[in-house]
Structures are given as structure tokens and as C-alpha cells.
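# Architecture at a glance
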Amino acid sequence: MHKRTLYLILITLVLAAYYLFMGIYLNRLGYYNQESLFYLEKTKILFDGVGNRLKVMGLTAPILPFYGSAIFSSFNMLAPVIASAIGTAILFYIMAITLIRRTHDDFYFALLIILFLFHPGILYTACSGKSIYMVLIFFYLFFFNIIRFYKSNTTFHVSIASICLVILVFCDYKFIWLTLFFIPLVMFIAIQSLNLSEKETAFRLTLSFNNPALRRKLINKTFAIYIIIFILPLASILIFKMLNLTHANDFDYFIDSPYATWSVLADRLSFDQATSFAHYQSSEISPLVTASIALFCPMIVVAIYLFRHNTYQILTILAPFAFVEFLQIKYDKIFLSHEYFLIFLILALLCIIFRAHTLKQQGALKVVLSVLVLVQLYTGYAFLKKSFLSEERNFVKVLFNPTPDDSQAENREMADYINSLPKDEPILMDDAIAYPIISFTNHIERLTLPYQETYLSASEAPEHYVHYILIATENNPLTGYTQLNNKYIPAIKHSDNNLNLQKIYETDSWILYKVL
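Let me sum up the structure you'll find in this document. (Residues numbered from 1 in each chain as written. Predicted model: local features only at pLDDT ≥ 70, side-chain atom pairs only at ≥ 80, totals over all residues. Heavy atoms only, no water.)

### Quick look at the packing of helix α16 (residues 299-306) against helix α18 (residues 339-355)
Between two packed helices, both the angle of their axes relative to each other and the distance between the axes serve to describe the pair. For the pair α16 and α18, interaxial distance at closest approach is 8 Å and the crossing angle is 40°. Considering only the axes of α16 and α18, their crossing is left-handed. For the pair α16 and α18, contact is made by M299, I300, A303 and L306 and by F344, L347, A348, L349, C351, I352 and R355, respectively. Of the residues contributing to the contact of α16 with α18, the split by class is ten nonpolar, no polar and one charged. (Axes fitted to C-alpha atoms, helices over the stretch in contact; angles between N-to-C directions. Helix = DSSP H or I, 4+ residues; strand = E, 2+ residues; numbered from the N terminus. Left-handed = near helix turned anticlockwise from the far one by under 90°. Contact = heavy atoms within 4.5 Å. Nonpolar A, V, L, I, M, F, W, Y, C, P; charged D, E, K, R; others polar.)

Right, here's the structure in full:
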């Protein structure tokens, strides 16, 4: 094994240990987020639940991050953190091995290490337990193979890029819209694949259209590349939607149901809470998200400069800009999470890995990159600190001011009380909104949840099925998204006059009733 490769493996292992230490430390301080708690709850159902768990196993979304977390289920509450820590270390290894195979200049390797050690966005990726690490890995591999195709003119790389795009979509469904902005790019990709003496894209395009044989060849290649890039992602999504229709009677169950994905209610709640403030203003409301991206990652400007002589490669780099602008317009009531800014950091690093060593003015480039890395360490912190998403702000707060995070204190309090109850007494709960409590709960087999066939009967006649009912109070911000809210008790008592309920534990957002 090459000495540099051995050193890289050792550095990657140290980096993984560093992320694990930071993630476990933050976990001990009480930092959690909605996504990791959702995966923990679904993992408990998958391994310890009672009843038909096929829908949970196959339709929980995003499915690949869920499985990535479930692999480490034996570590209980640390499972998502371990997955994200190891995943981010793997991302570093993939990027670093690409770098050392292209240049022996350790300067660029040092910059990569600095970013992965200290960039708050990377630390958020590694230590939060979220699935950002998996998105960044396959986003990197997708663009890596597209750029490799430009250099090698081998359709093998397009095929690998298509597979990476499929995996990327199953990590975050919104990336299916990225295909829209590659539709016009395919023409440039096909032109590049033609064996012509001209190097400039405009001249190659003119030459191809003026020559009947070349025009026919260009059309055939364009169509072939369309099939290679798009048929696999579209077919995969169609098959997955058919599975949703078969098992949940809804094509879009995996993106619309709060039982299938964590983001449905979390995104709505975040937007409602942020827009309730009078001072609410954000560059994200404007379609000019590109300005925010350039501010967050000024290194992307260097990346574009490095490819300034290749029109089709610049258009490839610009595709994610159009993609993020499109997301902001289409999902106008959802804030852009930090993930959609980090993809530009990864893209910029990819471009630098490919082209930085070819630039003659190495001294000037290194000075610029050194300054930009320092700037990005600050902007990474500033964007998280000023984020409209509370879990992103909480991460920075706990990371730089190591005090206990009490955002899940109420859910843990209720879970602790439930854990003190007899194990053989069933509890009726709705995990559409109560999944944080369930993730902290032991003995999930005693819970009656919506995935079980008995849930509907238990909610209509609780005295025959359960001993306890967990109700969301009117102070619970998600009370309108569950049947088991403050309106449930009067309704069920009206339909069953003999039903007796006793309030045995109460927090601001939850009430636990005992069925007498």
C-alpha cells in the first residue's frame, strides 16, 4: 500500500473518532433533532414492534438514511450520530483519495483537513445524526463522474453518475428536480463526446448541425445519454411510488405522510414558528438565493474560474444554483436547510481537486484559497447561528456554548414517566407527532401505534384495548395534526358514556390518561 494512502486511512480513522467524540458529547448535553429521533422511533418499531411492520420497513423515507441509522441500532440513542460521524469520515476519504491521486502538493490536502475539522457545517453534518452526510457523498460522486466523463469521453462514467443520482434521490427526494436542469446540459455533454478537432463548444455545435452525418450522430448520442442518465432514476421512483400505492394506497405516501417521513410536520412547524415573528425577513424569501450561496461559499467563484475555458463544465457547475433557486420557489413555505448550502462547498472542493494543480499561478491561488477557507469557517458559523431552523441554531449554541440543550426535555420527561409504568399495560399513542417521546421510550411492544391493525379499534373503544392514552394538549404546536388531541377526550366520552379516564401525568404539551 502506498505510504500516502496509508496516512490517509489513519487520518480518516482519527477524523471518525473526532466526530464520534463530538457527537456523543453533544448527545450527552441533550442535543437531538427531529430527523434522528424519527429514525430512532422507526428503528425501534422495525426491530421490537408488534404487528405488521412491512410498511415501516419499506416506505419510511428517506429510506437509505433510515437504513444507515438502523445498522447501528444496537447503540440505541447514539445510532444516528454514529452513522453520520462514520459517513462524514467516508466522505472525507473519498474526496482526499481523489485529491492525492491528482496532486502531490500537500497544501490542498491540508485545506481539506482544516475544513473537515473546523467548518461548522461539516461538524453539523458529522455530529448531528442527520442524513446530510449521505446526500453529500452521492452528490459528490454524481458530479465527480459527470466531470470524469468530460475528460475521458467514456459513457461508463455517465452510467455511474446515473446510479449515484438514484441513490441521491432516495437520500433526499427533492434532488429529483436536479434532473430538470440537466436536460439542457445533455446536449452539451453529447457535443463533448463527439470526436472533433474543435475544442470550443460553440464551434463544435455549429459544425455538428451543419454536417448531416454529425447531426445524426449528435441526435443519437443525445438520446442515448438521456436514457443513460434519466431512465434509471425515473424508473426507480416510479417503482417506489407503485410500492407506496400498493401498500399505502397513495403514490406520494412517502413524501406526504407524517408516518413515513419526518420532514412533513417539521418543515411546517419551522416555517409557522419563524413567520410568526414580526421581524421575519430572509434572503431565502427572495429568489436571489444565489447571493446567499456565494456569501456562504465564496470558493465556488474560484471553482467557476478554474473551468472558465469550458462552457459545458461551467453550465454543469451552475446547474445546482438553478436547482436551489427552483426549490425555493416550488417549496415556498419550507426553509432551505443547511444541506442545500453545503452541496456548494462540496462542489467547489471537487472543482479545486480536479483543476487547481493545473493553474500556473499556484502562489496566488494558494493565498486566495487560504483566505477563502478562513472566510468560510466564519460564514459556516454565521449561517447556522442565524438559521430560521431551530435545530440548526441549537447545534451552534451547544457546540460553542457547551450548556445542556433542553429542547427535548419535555418529551424525555413524559418518556421517563411512561418507562416507569408496568410493562404489560398497553398505551395508545399517535407517532405522527409523538415519535420523539417514543424514541426515548423503552419496551415499544406495549405501545399501540397507527401502523398496527388494532389502532383504529383502540382509538374508538380504548377500554377494550389499552390502559393509557397519550393526548396532545392545545399548547402542543402539532396538536392539529393528530386525532389524539384535546378534542378527542370529549368526543370519545360522548360516544361511550361508560368510559372513565383519569389524568395521571401532565406536561405543557402532553397529558397521559389512565383508562379505568
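### With respect to the layout of surface pockets
In this model, the second largest pocket occupies a volume close to 440 Å³. As for the second largest pocket, its lining consists of 20 residues, and the residues nearest its centre are K55, Y253, P450, Y451 and Q452. Mapped by element, the contributors of at least two residues to the lining of the second largest pocket are α3 (54-59) and α23 (455-460). Among the elements that make up the lining of the second largest pocket, the one with the highest residue count is α3 (four residues). For the lining of the second largest pocket, a count of residues per class yields ten nonpolar, six polar and four charged. (1 Å grid on protein atoms, 1.4 Å probe; cavity = no way out; pocket = protein on both sides within 12 Å on 5 of 7 lines; lining within 4 Å. Points joined across faces, edges and corners; volume = space filled by probe spheres on them.)

### Comments concerning the pattern of salt bridges
On inspection of all chains with the given rule, the structure shows eight salt bridges. Between E41 and K42 there is a salt bridge, with its nearest N and O atoms 3.7 Å apart. Accessibility assignment for this pair places E41 and K42 in one class, buried. Put simply, E35, K130 and E391 are held in one network by salt bridges that share partners. (Salt bridge = Lys/Arg side-chain N within 4 Å of Asp/Glu carboxyl O. Buried < 20%, exposed > 50% of the residue type's maximum accessible area, 1.4 Å probe, protein only.)

### Things to note about the sheet that holds strand β2 (residues 447-448)
Across the sheet, five strands lie side by side as β2-β1-β3-β5-β4; this open sheet has mixed pairing. Two strands close off the open sheet at either side, each with one partner strand: β2 and β4 (501-506). Across two bridges, strand β1 (residues 427-428) lies against β2 in parallel orientation. Residue pairing for β2: L428 is matched across the bridge by T448. Relative to the sheet, helix α21 (residues 409-419) contacts β1, β3 (468-472), β4 and β5 (510-515), its axis offset from that of β5 by approximately 15°. Its contacts with the sheet place helix α24 (residues 488-495) against β1, β3, β4 and β5, and it is angled at close to 135° to β3. (Pairing = 2+ DSSP bridges.)

### Things to note about the nonpolar core
If you look at the biggest cluster of nonpolar residues, it comprises 164 residues, and the most contacted ones within it are Y140 and M429. Per-element accounting of this core gives the leading share, 17 residues, to helix α8 (residues 132-152). Beyond its immediate stretch of four places on either side in the chain, Y140 contacts L91, I94, M95, T98, I346, L350 and I353. In this structure, Y455, I471, Y488 and I511 belong to the second largest nonpolar core, which totals 15 residues. (Core = buried A, V, L, I, M, F, W, Y, C linked by side-chain atoms within 4.5 Å.)

### A word on the packing of α8 against helix α17 (residues 311-330)
Look at α8 against α17: their axes get within 11 Å of each other, and the N-to-C directions meet at 165°. Accordingly, the angle class assigned to the pair α8 and α17 is roughly antiparallel. Judged by the sense of rotation from one axis to the other, the crossing of α8 with α17 is right-handed. Residue-level contacts link F139, F143, I146 and Y150 of α8 to Y312, Q313, T316 and P320 of α17. For the contact of α8 with α17, the residue count by class is six nonpolar, two polar and no charged. (Parallel < 35°, antiparallel > 145°, perpendicular 65-115°, else oblique.)

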